[in-house]
Amino acid sequence: MPMVLALTVAGIVVALVVVGLFLFGLRRRLIQRSGGTFDCSLRWEVPEKPDTNGKGWSYGVARYNGDSVEWYRVFSYAYRPRRVLERDRIEVAGRRLPEGEEELALLSDAVVLACTHRGTRLELAMSEDALTGFLAWLEAAPPGQRVNVA
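No experiment lies behind these values; they were computed from the predicted model shown.

Criteria and thresholds
Residues numbered from 1 in each chain as written. Predicted model: local features only at pLDDT ≥ 70, side-chain atom pairs only at ≥ 80, totals over all residues. Heavy atoms only, no water. Phe/Tyr/Trp six-rings, centres within 6.5 Å; stacked < 30°, edge-to-face > 60°. Salt bridge = Lys/Arg side-chain N within 4 Å of Asp/Glu carboxyl O. Buried < 20%, exposed > 50% of the residue type's maximum accessible area, 1.4 Å probe, protein only. Disulfide = S-S within 2.5 Å. Pairing = 2+ DSSP bridges. Helix = DSSP H or I, 4+ residues; strand = E, 2+ residues; numbered from the N terminus. Axes fitted to C-alpha atoms, helices over the stretch in contact; angles between N-to-C directions. Contact = heavy atoms within 4.5 Å.

Peer 1: Whenever I open this one, the packing of aromatic side chains confuses me. Can you help?
Peer 2: Within a pair of aromatic rings, the relevant descriptors are the distance that separates the centres and the angle that separates the planes. A complete count under the given rule lists four aromatic pairs for this structure. Site record: aromatic cluster; members linked through ring pairs are F38, Y64, F134 and W137.

Here's what the structure looks like:
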């Protein structure tokens, strides 16, 4: 009897893990179905002198949606974006390569973009190709909107 119980519990655990992984994949597919997505790590409320210990970074997927970029955490089941950045509220302060332990926390080809959004300092880390597209999107603001790209 204890063996049957152990096998049943093990089967339930395996089934739950498989269902959880399936839901992660389904969520990402639903986010990406409309196109305009790119891998993008985010660090929110960055201090004036950011440290390079790699802490504070969250891996995610960003999606263009009209005049905003929606950012979703990868390791989440939420279908709503965690952050929404409006194009006319983003100010780019500069870019740099990852330093120190950040190199381990971010994707290998990442470039870090320092920004502010509605007064909050943040950093976005993305590939060079994604950065080129992001900066082009910022500069392509409709006439009359301010664009702040350094």
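From this point, the narrative continues.
Peer 1: What am I meant to see in the pattern of salt bridges here?
Peer 2: Any two side chains of opposite charge can pair, given that their charged atoms come close. Counted under the stated rule, the structure contains eight salt bridges. The residue R63 makes a salt bridge to E70 at a minimum N-O spacing of 2.7 Å. The exposure class assigned to E70 is buried, which follows from its relative accessible area of 10%. It is possible to trace a salt-bridge network through shared partners that takes in R43, R96, E102 and E123.

Peer 1: Before we go on, may I ask you to explain the state of the cysteines in this structure?
Peer 2: By definition, a disulfide links two cysteine residues through a covalent bond between their sulfur atoms. Scanning the model with the defined rule gives zero disulfides in all. C115 supplies the cysteine sulfur nearest to C40, a cysteine that is in no disulfide, at a spacing of 9.0 Å.

Peer 1: Please explain the sheet that holds strand 6 (residues 90–96) as it appears in this structure.
Peer 2: Remark on secondary structure: sheet strands pair via backbone hydrogen bonds, oriented parallel or antiparallel. Taken in spatial order, the four strands line up as 2-8-7-6 in an open sheet, and their pairing is antiparallel. Where the open sheet ends on each side, the last strands, each with one partner, are strand 2 (41–44) and strand 6. Adjacent strand axes in the sheet meet at a mean angle of 25°, parallel and antiparallel pairs treated alike. Looking at chain direction, strand 6 and strand 7 (residues 110–117) are connected through six bridges and run antiparallel. For V92, the partnering residue across the bridge sits in strand 7 and is C115. Of the strands in this sheet, strand 6, strand 7 and strand 8 (120–127) are in contact with helix 3 (residues 128–139), which crosses strand 8 at around 130°.

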